[in-house]
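If you want the building blocks of each chain, they are given just below.
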Amino acid sequence: MDAIRQKRAAADYAAELVQDGMIVGLGSGSTAAMMVDALGRRHQQGLQFVGVATSRETADLARSYDIRLMRLDEFSHLDLTIDGADEVAPNLDLTKGGGGQLLREKLVATAARRFVVIVDQSKLVRYVGERVPIPVEVVSFGWTTTAHRLSAVGIECHLRGGETPFTTSNHNYILDCRAAGGVAVAELADRIKSLTGVVDHGLFLGIATTVVVGVEAGGVEILGQKQG
Ligand code: A5P
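All residue numbers refer to positions counted from 1 along the written sequence of the respective chain. Per-residue local features are limited, in this predicted model, to residues with pLDDT of at least 70; the limit for side-chain atom pairs, both in listing and counting, is 80 or more; totals at the level of whole chains, interfaces and linings are taken over all residues. Think of the side-chain values as coming from all heavy atoms in the structure, minus any hydrogens and water.

Q: In this structure, what is going on with the overall build of the protein? I would like to understand it.
A: In DSSP terms, a helix is any run of H or I states spanning at least four residues, a strand is any run of E spanning at least two, and both are numbered starting from the N terminus. If you tally the helices and strands in the protein, you get six helices and 14 strands. The C-alpha atoms of the protein give 17 Å as radius of gyration, which agrees with the globular expectation for 228 residues (17 Å, within 12%). In terms of principal-axis extent, the alpha carbons of the protein reach across some 55 × 35 × 30 Å. In this scheme, a residue with accessible area under 20% of its type's maximum is buried, one over 50% is exposed, and one in between is partly exposed, where area comes from a 1.4 Å probe on protein chains only. Each of the 228 residues in the protein was classed as buried or not, and the buried ones make up 49%. A separation threshold of at least 6 residues defines the contact pool for the protein, and within that pool the share at least 24 residues apart is 73%. Areas reported here follow the Shrake-Rupley algorithm with a probe of radius 1.4 Å; residue values treat only the protein chains shown as occluding. Summed over its atoms, the accessible surface of the protein is roughly 10,600 Å², and 50% of this surface lies on carbon and sulfur atoms. Taken over C-alpha atoms, the radius of gyration is set against a globule rule of 2.2 Å times the number of residues to the power 0.38. Between two residues, a contact is recorded if the distance between any of their heavy atoms is within 4.5 Å.

Structure below.
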């Protein structure tokens, strides 16, 4: 199967995990959109659930199926969040934020009892940051100062969008960053998060409970079954 079919297989599998009455976090990106499509079809057949969207695009898509949406603030926790990822390491650590929605995605993922990640096989890596830069959401005010702070701790970054900076839903900027080798990922995450001006980063460590991988041979493989 090609990547699109792999994504669809993972998305369809995860959409079947949603049961009547659940509060469900809805991720962003192309794989998450396929999952919302699948949930939309299930809703049209009678499935009742409430969605919490991680982006305007996802909210618009969910509304097109009349899926009921509520704000994250209205719940102490969600039953399940389903979202894509840019990289998945063998221990289920993730890189996310390729679409620029990492902060809302992390808020919705960490609020859920289960966080199910849906990817095609190309997203499997040996370690996070292997192939894609780590997105870091920073306050736009003084962003160059924040970039210098990151550089001072061995993390080199480029402003996403360059002269026309990409702006997140929270009106922040994204720096795409690479770290010097030899730093453990947990330490790297702490180092980034501790800097003034940083809002959050796209390293999702120890958050995913299950990863559903659409595979070339057809169907899906399930990684991890940790219950959150
Ligand atoms: C959005 O900010 C990202 O975290 C996406 O989840 C990620 O980029 C995966 O996107 P695709 O499903 O489009 O590959």
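Q: I would appreciate a short explanation of unusual backbone geometry in the present structure.
A: With glycine set apart, most residues show a phi of negative sign, and most peptide bonds adopt trans. Although it is not a glycine, Leu 92 adopts a positive phi angle of roughly 75°. With respect to the helices and strands, the residue Leu 92 is situated in the loop between β5 (87-88) and β6 (94-95). Here His 171, not a glycine, exhibits a phi torsion of approximately 65°, which is positive. Relative to the helices and strands, His 171 resides in the loop between β9 (155-159) and β10 (173-179).

Q: Sorry, what's going on with the pattern of salt bridges here?
A: Close approach of charged atoms lets side chains of opposite charge pair. The term salt bridge refers to a side-chain nitrogen of Lys or Arg lying within 4 Å of a carboxyl oxygen of Asp or Glu. Under the definition given, this model contains twelve salt bridges. The closest approach of N and O atoms between Arg 71 and Asp 73, which form a salt bridge, is 3.2 Å. As far as burial versus exposure is concerned, Arg 71 and Asp 73 are alike and both exposed. Residue classification places Arg 71 among the exposed residues on the basis of a relative accessible area of 52%.

Q: I keep staring at the pairing of strand β2 (residues 50-53) and nothing clicks. Help me out?
A: On a regular strand, each side chain points to the face opposite its neighbour's, so the side chains alternate between the two faces of the sheet. What makes two strands pair is DSSP finding at least two bridges between them. For strand β1 (residues 23-26) and β2, the ladder comprises four bridges, and the chain directions are parallel. Note on β2: the bridge partner recorded for Val 24 is Gly 51. Regarding the hand of the β-α-β motif, the stretch spanning β1, helix α2 (residues 30-44) and β2 is right-handed. When β2 meets strand β3 (residues 68-69), the two strands line up parallel, connected through two bridges. Residue Val 50 lies in a different strand from β3, and its bridge partner there is Arg 68. The crossover handedness rule: strands pointing away from the viewer, path from first strand over the helix to second strand clockwise, crossover right-handed. Following the backbone out of β2, through helix α3 (residues 56-64) and into the adjacent parallel β3, one traces a crossover that is right-handed.

Q: Teacher, can you tell me more about the packing of aromatic side chains here?
A: To describe a pair of aromatic rings, you give the distance between the ring centres and the angle between the ring planes. Stacked, edge-to-face and tilted are the three classes for Phe, Tyr and Trp ring pairs, Trp counted by its six-membered ring, which pair at centre distances within 6.5 Å; planes under 30 degrees apart are stacked, over 60 edge-to-face, the rest tilted. Per the counting criterion, the structure on display carries two aromatic pairs. Between Trp 143 and Tyr 173, the ring centres sit 6.5 Å apart and the planes meet at 70°, which makes this aromatic pair edge-to-face. Of this pair, Trp 143 sits in helix α5 (residues 143-152) while Tyr 173 sits in strand β10, placing them 30 residues apart in sequence. Taking the relative accessible area as the measure of exposure, Trp 143 reaches 24% and is therefore partly exposed. Judged by relative accessible area, which is 18%, Tyr 173 ranks as buried.

Q: Whenever I open this one, α2 confuses me. Can you help?
A: What sets the pattern is the α-helix's 3.6 residues per turn: residues three or four places apart point alike. Its 15 residues give α2 an end-to-end C-alpha distance of 21 Å, which sits within 8% of 21 Å, the value for a rise of 1.5 Å per residue. Here α2 has its buried residues at Thr 31, Ala 32, Met 34, Met 35, Val 36, Ala 38, Leu 39, Gly 40, Arg 42 and His 43. Among the structural elements, α1 (3-15), β1, α3, β4 (78-83) and β7 (112-120) are those in contact with the buried residues of α2. Expected span of a helix: the number of residues minus one, times 1.5 Å.

Q: I would appreciate a short explanation of the site of the ligand in the present structure.
A: Around the ligand, a shell composed of 17 residues is seen, among which Ser 30, Thr 31, Asp 86, Glu 105 and Lys 123 lie nearest. Nitrogen and oxygen atoms within 3.5 Å of one another constitute a polar contact, given that in protein one can donate a hydrogen and the other can accept it, and given that sequence-neighbouring residues count only through two side-chain atoms. A distance of 3.2 Å separates an oxygen atom of the ligand from a polar atom in the backbone of Ser 28. Contact distances for the ligand include 3.3 Å between an oxygen atom and a backbone N or O atom of Gln 101. Considered on its own, the ligand offers 380 Å² of accessible surface; in the complex 90% of this is hidden by protein. By residue class, the composition of the shell around the ligand is one nonpolar, ten polar and six charged. When we say a residue is near a molecule or strand, we mean one of its heavy atoms is within 4 Å of it. Note on residue classes: Ala, Val, Leu, Ile, Met, Phe, Trp, Tyr, Cys and Pro are nonpolar, Asp, Glu, Lys and Arg are charged, and everything else, Gly too, is polar.

In short, the description is geometric, and any link to function would need to be established separately.
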